[in-house]
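# Coordinate analysis (summary)
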Amino acid sequence: MSIIRVAIDGPSGAGKSTLAKAAAKALGFLYVDTGALYRTIGLYVCNQGIDPSDEAVVATALPEIRVELRYDASGTQRMLLNGEDVSGEIRLPEISRYSSAVSALPAVRAYLLETQRNLASKHSVIMDGRDIGTVVLPDAEVKVFLTASAQVRAERRSRDLEKMGTPQPFKEVLRDIEERDWRDTHRDTAPLRQAEGAVLLDTSEMDFQESQAALLAIIRERVGQ
Ligand code: DC
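If you're wondering where the values come from, they're calculated on a predicted model, not measured in any experiment.

All right, on to the site of the ligand then. Around the ligand, the surrounding shell holds 16 residues, and the nearest of these are T34, R39, R109, R130 and R187. Relative to its unbound accessible area of 440 Å², the ligand is 96% covered by the protein chains. Of all elements in the fold, only α2 (35-47), α4 (93-103) and α8 (170-186) reach the threshold of two or more residues within the shell around the ligand. In terms of residue class, the shell around the ligand is built from 2 nonpolar, 6 polar and 8 charged.

This is the structure in structure tokens:
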């Protein structure tokens, strides 16, 4: 069977990772969460006390950063930063802000491009991010732009933060989402936008099961599986 690449882009909190992960399991594809790569660089920059918007300094630090992606026995993606498993730390709200800032830097995007393309050249993948259908895999067999209203995304994020034991006031969560949306869509390099040929899936009015069924239907219709 030839390799099939499914590119899923959309704003933060749209449910991309949960849905993409479930779809990958159903189809037997590898799930790649590319946001975790940016988060790992964001964590390093934060730990070093580097200004995440200073491209010259961040670019100088890049050769010191070894970002590795592993899958554990249950198939869950783990992130290693210079050999250390940082899969939990990279989800902290502060690291969300750092990752958004470093992801706006062309040097960082170029640094991570090959890693992402390599993964998609070896396995059938469902890859989620912001520029997968536009930049990383513009020839992907299936492209989906997955979104939901900022209010709904903030509600979902609040619930996740609570579950992780790091609750935050709803207003702050919503403000973070709106600020991140603005930065992700207004940056000069690879801004978040719906790729040409991407199917729009808005899950604002859908629960998980409905979103899941809709995503699988889109993929199956295009790849005939
Ligand atoms: O999906 P996420 O929230 O884990 O992503 C973290 C940050 O990385 C987010 O602010 C946008 C950025 N990102 C990106 O610019 N390109 C990607 N392919 C994935 C994430």
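Text resumes after the structure shown.
An ideal rise of 1.5 Å per residue puts 16 Å on 12 residues; helix α1 (residues 16-27) measures up with 16 Å between its terminal C-alpha atoms. For α1, the set of buried residues is K16, L19, A20, A23, A24 and L27. When α1 is viewed along its axis, its buried side chains cluster within an angular range of 135 degrees and face the same direction. Against β1 (5-9), β2 (30-33), β6 (125-129), β7 (142-147) and α9 (208-223) lie the buried residues of α1. Looking at the residues trailing α1, positive phi occurs at G28, about 75 degrees.

Here we take up the sheet that holds β6. Spatially, β2-β6-β1-β7-β8 is the arrangement adopted by the 5 strands of the open sheet, whose pairing is parallel. Only two strands of the sheet have a single partner each, and these edge strands are β2 and β8 (199-202). Within this sheet the neighbouring strands show an average axis-to-axis angle of 20 degrees, counted without direction. Across 4 bridges, β1 lies against β7 in parallel orientation. Paired with V6 across the bridge in β7 is V142. Packing of α1 onto the sheet brings it into contact with β1, β2, β6 and β7, and relative to β6 it is tilted by some 175 degrees.

Right, let's talk about the pairing of β7 for a bit. Summarising burial for β7: 6 of the 6 residues are buried, a large majority. Pairing between β7 and β8: 4 bridges, direction parallel. Bridge pairing in β8 places F145 opposite L200.

What counts, and at which threshold
- Residues numbered from 1 in each chain as written.
- Predicted model: local features only at pLDDT ≥ 70, side-chain atom pairs only at ≥ 80, totals over all residues.
- Heavy atoms only, no water.
- Near = heavy atom within 4 Å.
- Areas by Shrake-Rupley, 256 points an atom, 1.4 Å probe, with all protein chains shown as cover.
- Helix = DSSP H or I, 4+ residues; strand = E, 2+ residues; numbered from the N terminus.
- Nonpolar A, V, L, I, M, F, W, Y, C, P; charged D, E, K, R; others polar.
- Expected span 1.5 Å × (residues − 1).
- Buried < 20%, exposed > 50% of the residue type's maximum accessible area, 1.4 Å probe, protein only.
- Arc of directions from axis to C-beta.
- Contact = heavy atoms within 4.5 Å.
- Pairing = 2+ DSSP bridges.
- Axes fitted to C-alpha atoms, helices over the stretch in contact; angles between N-to-C directions.

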